[in-house]
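Commentary on secondary and tertiary structure
Residue strings, one per chain:
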Amino acid sequence: MKFMKLGSKPDSFQAEGNSIRYVATELATDIIVNVGDIKFYLHKFPLLSKSAHLQNLVTIANGESSDEVEISDIPGGSSAFEICAKYCYGMTVTLNAYNVVAARCAAEYLGMHETIEKGNLIYKIDVFLSSSIFHSWKDSIIVLQTTRSLLPLSEELKVTSHCIHAVATKACVDVSKVNWSYSYNRRKLPEENGNDPNFNGLRNRLVPKDWWVEDLCELEIGLYKRVLITIQTKGTLSDEVIGEGLKAYAYRRLPGFSKGMIQCGDAAKYRSTVDTIVCLLPAERGSVPCNFLLKILKAAIYVDLGDAIKGQLIRRIGQQLEEASVHDLLIHAGEGENMMYDVDAVKKMVEEFLMRDQIAEMESEEGHEVQEIRKPGILSDASKLIVAKLIDGYLAEIAKDPNLPLLKFVELAEMVSGISRPAHDALYRAVDMYLKEHPGISKSERKRICKLMDCKKLSVDACMHAVQNDRLPLRVVVQVLFFEQVRAAASSGSSTPDLPKSIRDLNNGSQRSSRSANTNTEGDWDAVATAEELKALKEEVASLRLANGRNGVDKAVNNKMRGMLKSKILTKLWSSKGEKGENSGSDSSESLGSANMEEAKSTPSRNIRHSVS
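Residues numbered from 1 in each chain as written. Predicted model: local features only at pLDDT ≥ 70, side-chain atom pairs only at ≥ 80, totals over all residues. Heavy atoms only, no water.

1. Remarks on the packing of helix α11 (residues 221-234) against helix α13 (residues 271-280)
Two measures define how a pair of helices packs: the angle their axes make with one another and the distance between the axes. To keep it simple, the criterion reads: Simply put, an axis is a line fit to the C-alpha atoms, just over the touching stretch for a helix, and the angle between two N-to-C directions goes from 0 to 180 degrees. Helix and strand assignments come from DSSP, with helices taken as H or I runs of at least 4 residues and strands as E runs of at least 2, each series counted from the N terminus. Oblique is the label for every angle not falling under 35 degrees (roughly parallel), over 145 degrees (roughly antiparallel), or within 65 to 115 degrees (roughly perpendicular). Residues are treated as being in contact if the distance between any of their heavy atoms lies within 4.5 Å. Just so you know the grouping, Ala, Val, Leu, Ile, Met, Phe, Trp, Tyr, Cys and Pro go in nonpolar, Asp, Glu, Lys and Arg go in charged, and all remaining residues, Gly too, go in polar.
At a closest axis distance of 10 Å, the pairing of α11 and α13 adopts a crossing angle of 5°. Classified by the angle their axes make, α11 and α13 are roughly parallel. Across the interface between the two elements, I221, Y224, K225, L228, I229 and Q232 of α11 pack against S272, T273, T276 and L280 of α13. Of the residues belonging to the contact of α11 with α13, the class tally is five nonpolar, four polar and one charged.

Put into structure tokens, the structure is as follows:
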């Protein structure tokens, strides 16, 4: 830390209790200076020779036949006045980053200018600031912190603005010219602790571009904002580095922010901090991580920044939604809402994400002709697949909410239904979880949610789970068995087995127009097998696993499926349809097997209770 010593005489200021200060000298004091609750017993001559303000006060006091003067409003209080008084006496005074601004403001208040005495205190402090303090990174930050308690005089004297400029300039210096070491906020590297056996004494490690971000976290939000704006104005640092600075500040200043929720009952206390961070976010897409934006969104909702800022953050999140995780998207619903999570906010994010892939139309006028230029979507297949998996995982989480309306679940699932996915296991988990948590839904609702998944896209493990799942309509179980049998036949190179005509019609009907087809009754979708039939099926599957082992399960199961397709269960189901005079393939255009939705496996929820096995 930089410091400056003034004066050469021994410090002879002494204290008597907590309210009296005096100079130990043979000469009797002839003036009493009251600074707040403290009385200073001093001498007129050394003070008046350097302070214009004290000259005026003493003149007034003499006219009133008094030897006391009042300066209770001096900046920095009694400690700053004592520094100035010692300087007047020529006593040794040490100025440093912690007291120099208070001394500068007190000297200004006392009028210790060059017009009173050449080389007065104001001049010496200004030289110290410009030649030493503002050239030191850490001292500049300390000084900047002290200016806040000395407003408005520190602003009027431009000390604050000079500090901000000094700090911002140093942050923007090329890293090759930075003489940097870890501050007390950072953990030291092994070579700095002397614990690295390979350290040869040379510090050839590169200085990181964001070397300054944690040091600035010590600033209160108002000063931090001014420093960041000055840094951004200079335009030498990338938006990613600015984003790192904002991220570090949020983690330091907002308790619980790392967990996605501010852990403090006083929301108003942190409103300005969250608002400032949002305002300072760089405009460039990807300059800050998506999970950071989602945490800021949750904080903005908590401190009630309003719908405008919430919408702004949602749009930014949607532009890089492929970076998010399921946990990040679990935004708690606002007060008064019955649902656990804010599903509408996630829907808006998905809408924003998909908008990036829409065809853009540009019109350019050449002479009198107008040409239309179409640009293809900018989203990669990988990004879209990641988002589809993300939403599938999110659906599995929100499905546990007993108050979640089916419409919100279905609408969100349908938003990503056009994204090609090779498997639908994750969506099956979400549908199964919803059926478990909402057993009282109607037949039409059960039909609608089951149509979200494509039975052709279920893995072998998912199929094994589905055929034993008594929450699924029997029609869905039948289709799972059918497609698994077709897949087994295709993999073995054999022809598709001789299947009942009603089942063939069910799947071949997917190529027909839904407008020309009759509608199946909802009873077929809600039909369930008898308890004995389901129990027998489960026991047979379990025995196959035990008898054949994992390697032989698939073949045995496939043979069993072939028999089941001709079993009494299917005969009973489809013969009942014939007695009603219905076309068994009439609703095939709406069947699960005809859905055009595909899906990649997403990471299953930690709380899923019916894992695929």
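2. Points about the confidence of the model for the protein chain
The condition that has to hold: One number per residue, pLDDT, summarises how confident the predictor is, and it ranges from 0 to 100.
Of all residues in the protein chain, 71% attain a pLDDT of 70 or more, and the chain-wide mean is 78. Of all secondary-structure elements in the protein chain, the lowest mean pLDDT belongs to strand β8 (residues 360-366), at 42, while helix α4 (residues 100-110) reaches the highest, 97. Overall, residues 548-553 carries pLDDT values under 50, and its contacts beyond four positions in sequence, including any with other chains, amount to seven contacts.

3. Remarks on the side chain of D328
For clarity, the cut-off: For every residue, the accessible area obtained with a 1.4 Å probe (protein chains only) is divided by the maximum for its type, and the residue is called buried under 20%, exposed over 50%, and partly exposed between those limits. In this count, Lys and Arg are taken as positive residues and Asp and Glu as negative ones, while His and the chain termini are left out. Salt bridge criterion: a side-chain nitrogen from Lys or Arg within 4 Å of a carboxyl oxygen from Asp or Glu. Distance and chemistry together define a polar contact, namely a pair of N or O atoms within 3.5 Å, with one atom able to donate a hydrogen and the other to accept it when in protein, and with adjacent residues in sequence counting only for side-chain atoms on both sides.
With respect to the helices and strands, D328 occurs in helix α16 (residues 326-329). As a buried residue without a salt bridge, D328 has its nearest oppositely charged side chain in K295, at a separation of 4.1 Å. In terms of polar contacts, D328 uses its side chain to reach the side chain of S325, at 2.9 Å. If we ignore the near neighbours within four places in the chain, the residues touching D328 are N291, L294, K295 and K298.

4. Comments concerning the state of the cysteines
Note the cut-off: Cysteine sulfur atoms that pair up within 2.5 Å are treated as a disulfide.
Across all of its chains, the model carries zero disulfides by this definition. As a non-bridged cysteine, C88 has C84 as the owner of its nearest cysteine sulfur, 7.0 Å distant. Exposure remark for C88: the relative accessible area of 7% places this residue in the buried category.

5. So, the packing of aromatic side chains
Spelled out, the test is: Any Phe, Tyr or Trp ring, taking Trp's six-membered ring, that has another such ring centre within 6.5 Å forms a pair; planes under 30 degrees apart are called stacked, those over 60 apart edge-to-face, and the others tilted.
Counted by the stated rule, this structure contains eight aromatic pairs. With centroids separated by 5.2 Å and ring planes inclined at 80°, the aromatic side chains of Y251 and F257 adopt a geometry described as edge-to-face. Residue Y251 is classed as partly exposed on the basis of its relative accessible area of 34%. By relative accessible area, which is 2% here, F257 ends up buried. One aromatic cluster is present, formed by F13, F40, F81 and Y89 through successive ring pairs.

6. A few points about the packing of α13 against helix α14 (residues 290-302)
Test applied: Crossing handedness follows the turn of the near helix against the far one: under a right angle anticlockwise gives a left-handed crossing, and clockwise gives a right-handed one.
Taken N-terminus to C-terminus, the directions of α13 and α14 make an angle of 140°; their axes are 10 Å apart at the nearest point. Taken as axis vectors, α13 and α14 run oblique relative to one another. For the crossing formed where α13 meets α14, the hand is left-handed. Facing α13, whose interface residues are V274, I277 and V278, α14 presents F292, I296, A299 and A300. Looking at the contact of α13 with α14 residue by residue, the classes come out as seven nonpolar, no polar and no charged.

7. Side note on the nonpolar core
Applied cut-off: Side-chain atoms within 4.5 Å are what join buried Ala, Val, Leu, Ile, Met, Phe, Trp, Tyr and Cys residues into a set we call a nonpolar core.
Among the nonpolar cores identified, the biggest contains 168 residues, and L42 and L216 are the most heavily contacted of them. With residues near it in sequence (within four places) discarded, L42 still touches F13, V23, T29, D30, I31, V33, L47, F81, A85 and Y89.

8. Examining the pairing of strand β3 (residues 20-23)
Condition: In this analysis, strands are considered paired if DSSP registers two or more bridges between them.
Pairing between strand β2 (residues 13-16) and β3: four bridges, direction antiparallel. Residue F13 lies in a different strand from β3, and its bridge partner there is V23. The antiparallel pairing of β2 with β3 creates a hairpin that spans three residues between the two strands, and G17 there sits at a positive phi of about 75°. Note: β3 against strand β5 (residues 38-42), three bridges, orientation parallel. When the sheet's bridge partners are listed, Y22 is paired in β5 with Y41.

9. Description of the sheet that holds β2
For sheets, the rule is that strands pair by backbone hydrogen bonds, running either parallel or antiparallel. Strand order across the open sheet formed by five strands is β2-β3-β5-β4-β6, with mixed pairing between neighbours. Both edges of this open sheet fall to β2 and β6 (68-70), since each of them pairs with a single strand only. Here the strands of the sheet are splayed against their neighbours by 25° on average, with no regard to which way each runs. Packed onto the sheet, helix α2 (residues 52-63) meets β4 (31-35) and β6 and runs at close to 130° relative to β6.

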